[in-house]
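Fold and contact review
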Amino acid sequence: MTEKEQDQYFIKTLKASLELYKEAYEYEKQHKSSKAIMDDYESMISSLEDILCNIKSIDDLGEMGEDAITDAFEAITGYGECFIISANEIQRKKDLEEYEKINELIYLFCDTDDEEDE
C-alpha cells in the first residue's frame, strides 16, 4: 500500500473497530455487565472517537500521545483478531487480502522503534 492508502485504510479500520466496540458496549449493557467492564468500553469508545476527530493520517497519531497510540494499536489488533476469513474461495481471496492490510497496519506500530534506532 502507498502511504496515502495506508492512511485511508488506517482510518477505515479505526472506524470499523469503533463500531465493534459500540456493539460490544450495547451487548454488555443489555447483559448488565460490571461497571468496570462498562467503563473500559466507554473509555475506548471515547478515545477512538477523539482519535478519529483529530487525525487525517497515521503520522498525526504520534502527536496525540502514547495513550492514543496504545488505544489505536489495541483497536487494530482487536479488529484483526475478530476478522473472519470466508470458506468461499472467491470471498476467501478478498478476505485474505484484507487481512494482509490489517497486518501491514500492525507492523507499522512495531517498526517505529527499529527505524528510530538506525
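Residues numbered from 1 in each chain as written. Predicted model: local features only at pLDDT ≥ 70, side-chain atom pairs only at ≥ 80, totals over all residues. Heavy atoms only, no water.

1. Section: the side chain of Ser86
By secondary structure assignment, the location of Ser86 is in the loop between α4 (66-82) and α5 (89-117). Of note is the side chain of Ser86, whose polar atom sits 3.0 Å from the backbone nitrogen of Asn88. Setting aside chain neighbours within four positions, we find Ser86 in contact with Gln91, Arg92 and Asp95. (Helix = DSSP H or I, 4+ residues; strand = E, 2+ residues; numbered from the N terminus. Polar contact = N/O pair within 3.5 Å; in protein donor to acceptor, adjacent residues only side chain to side chain. Contact = heavy atoms within 4.5 Å.)

2. Here's the deal with the confidence of the model for the chain
Across the chain, the average pLDDT comes to 90, with 93% of residues at 70 or higher. Looking over the chain, one finds the lowest element-wise mean pLDDT in α5, namely 80, and the highest in helix α2 (residues 35-54), namely 96. A low-confidence stretch, residues 114-118 stays under pLDDT 50, and its non-local contacts, those more than four residues away or across chains, total 0 contacts. (pLDDT = per-residue confidence, 0-100.)

3. Here's the deal with the environment of Tyr41
Locating Tyr41 in the fold gives a position in helix α2. Considered as a pair, Tyr41 and Glu26 are 15 residues apart in the sequence and their alpha carbons are 9.6 Å apart. Those residues in contact with Tyr41, other than ones at most four positions away along the chain, are Tyr21, Ala24, Tyr25 and Glu28.

4. Let's talk about the packing of helix α1 (residues 3-30) against α4
Packing of α1 against α4 brings their axes to within 9 Å, and their N-to-C directions diverge by 80°. Here α1 is positioned roughly perpendicular relative to α4, judged by the angle of their axes. The residues of α4 that touch α1, namely those facing Phe10, Thr13, Leu14, Ala16, Ser17, Leu20 and Tyr21, are Ala72, Glu74, Ala75, Ile76 and Tyr79. (Axes fitted to C-alpha atoms, helices over the stretch in contact; angles between N-to-C directions. Parallel < 35°, antiparallel > 145°, perpendicular 65-115°, else oblique.)

5. A look at the nonpolar core
Ranked by size, the top nonpolar core spans 25 residues in total, and within it Phe10, Leu14, Ile51 and Ile76 carry the most contacts. Put simply, the parts of the chain that give this core at least two residues each are α1, α2, α3 (58-61), α4 and α5. Residue contacts for Ile76: discarding those within four places in its chain leaves Phe10, Thr13, Leu14, Ile102, Leu105, Ile106 and Phe109. (Core = buried A, V, L, I, M, F, W, Y, C linked by side-chain atoms within 4.5 Å. Buried < 20%, exposed > 50% of the residue type's maximum accessible area, 1.4 Å probe, protein only.)

6. Here we look at α4
In this model, α4 (17 residues) spans 24 Å end to end at C-alpha, consistent with the 24 Å of a helix rising 1.5 Å per residue. Burial in α4 covers these residues: Ala68, Asp71, Ala72, Ala75, Ile76, Thr77, Tyr79 and Gly80. (Expected span 1.5 Å × (residues − 1).)

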